[in-house]
Amino acid sequence: MKKSKRALIISISAVLLLIVIAVVSFFGTGNQIISGMYLRSEHGASIIATDDGTTKVFYNAGKEDFSDYNTGDRITAVCGKNVVLDGGLYGPGVDCYFSFRSEKGSTDDVPDFFRDAGKNVLTGRYLSTDSDTHMLIDENGSPVQLCDYEDYYMKFRGCCDGDKIMVVCNDIRETYPAQTDVRFCWIFERGSLDDIPHSTIDSLRELGWID
C-alpha cells in the first residue's frame, strides 16, 4: 500500500515537473498570452488591441481561424514572440497558435475600448488635401490635421475622402486646422465627399488647403 502511494506521488510529481518544464520552455522562448479586442482591418488583417491600447497583427493567421470573430469581440490568444513587420501599419506581428473569444462585442465598442486604455480617440470623416495632408473632419465639421512622420503614409493607406475613421492620437494642438500626432488609424465604414459638410470644404478651400 505504501509502495503504491509512493509510486502515485512520484508519478504526479513527474507530471507536474513535465508541465513546469513545458511552460518554462514555451514562455522562455518569448511566447506570450495576449488578451484584448479583436479588430479586422479593411485589408482583411486580423489584429488584437491589448488592454493598454497597443496593437499587434496576427502575422501568421493561417495557423488559426479568425472567421468567427467580429470587430469588437474580446479574445485571448496564445502567441509566439513579436515579429517586426515592414511598414508597421498596425504594430508588431505575432504568430497565433490558439485563441478563443471571451465576450462578444461590436464595432461601436472600439472607441470606448481605446479611451478606457487611456488613449486620446477622435472619430470623424477622412479628407486628403492637395498638399498630401491627411485630415479628420469631426462631427461638428471641424478639421484636424493628422500628423506623424513615422510610417506616415502607411497609417492612412486605403483611406478615401468621406470614409468614417477613428484615430488614436496624442494631444490636440490648438492651431487652425488643429493638429495631432496619430498612432493608429481605423476605417469604420466607407463614405464620400458628400458626407463632409460643404461649409468645411469651403473654409479649407479659402485657406488654400484644397482646390
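Fair warning: this is a prediction, and the values are worked out from it, not measured in the lab.

A look at the environment of D132
Next up, step 1: Assignment of secondary structure puts D132 in the loop between β6 (120-128) and β7 (134-137).
Next up, step 2: For the pair D132 and I210, spaced 78 residues apart in sequence, the C-alpha separation works out to 10.0 Å.

Let's talk about the pairing of strand β8 (residues 143-147)
Next up, step 1: Taken across its five residues, β8 has five buried, putting it largely inside the fold.
Next up, step 2: Residues P143, Q145 and C147 of β8 are buried on one face, and the alternating residues V144 and L146, pointing to the opposite face, are buried as well.
Next up, step 3: Strand direction decides the pairing type here: β7 and β8, joined by four bridges, are antiparallel. What sits directly across from I137, in β8, is P143.
Next up, step 4: Direction of pairing for β8 relative to strand β10 (residues 178-189): parallel, over a ladder of four bridges. Across the sheet, residue L146 finds its bridge partner in β10, namely T180.

A few points about the pattern of salt bridges
Next up, step 1: By the definition in use, this model includes eight salt bridges.
Next up, step 2: R101 is the partner of D73 in a salt bridge, and the nearest nitrogen-oxygen pair spans 3.0 Å. With D73 in the loop between β3 (55-58) and β4 (74-83) and R101 in strand β5 (residues 93-103), this pair connects stretches of sequence that are 28 residues apart.
Next up, step 3: Owing to a relative accessible area of 33%, R101 belongs among the partly exposed residues under this scheme.
Next up, step 4: Its salt-bridge partner being R115, residue D112 comes within 3.2 Å of it at the nearest N-O pair. Separated by three residues within a single helix, D112 and R115 lie in helix α2 (residues 110-116), roughly one turn from each other.

So, the side chain of T180
Next up, step 1: Examined against the element boundaries, T180 turns out to sit in strand β10.
Next up, step 2: Among the polar contacts listed, one links the side chain of T180 to the backbone oxygen of N170, at a separation of 2.9 Å.
Next up, step 3: With near-sequence residues (within four places) excluded, T180 lies in contact with L122, V144, Q145, L146, C147, C169, N170, D171, I172 and R173.

Here's the deal with helix α4 (residues 198-206)
Next up, step 1: For α4, the complete set of buried residues consists of T200, I201 and L204. The buried residues of α4 all sit within an arc of 100 degrees when viewed along its axis, so they share a single face. The exposed set on the far side of α4, more than 90 degrees from its buried face, consists of H198, S199 and E206.
Next up, step 2: If you follow the buried residues of α4, they end up packed against β6, β7 and β8.

Scoring rules and cut-offs
- Residues numbered from 1 in each chain as written.
- Predicted model: local features only at pLDDT ≥ 70, side-chain atom pairs only at ≥ 80, totals over all residues.
- Heavy atoms only, no water.
- Helix = DSSP H or I, 4+ residues; strand = E, 2+ residues; numbered from the N terminus.
- Buried < 20%, exposed > 50% of the residue type's maximum accessible area, 1.4 Å probe, protein only.
- Pairing = 2+ DSSP bridges.
- Salt bridge = Lys/Arg side-chain N within 4 Å of Asp/Glu carboxyl O.
- Polar contact = N/O pair within 3.5 Å; in protein donor to acceptor, adjacent residues only side chain to side chain.
- Contact = heavy atoms within 4.5 Å.
- Arc of directions from axis to C-beta.

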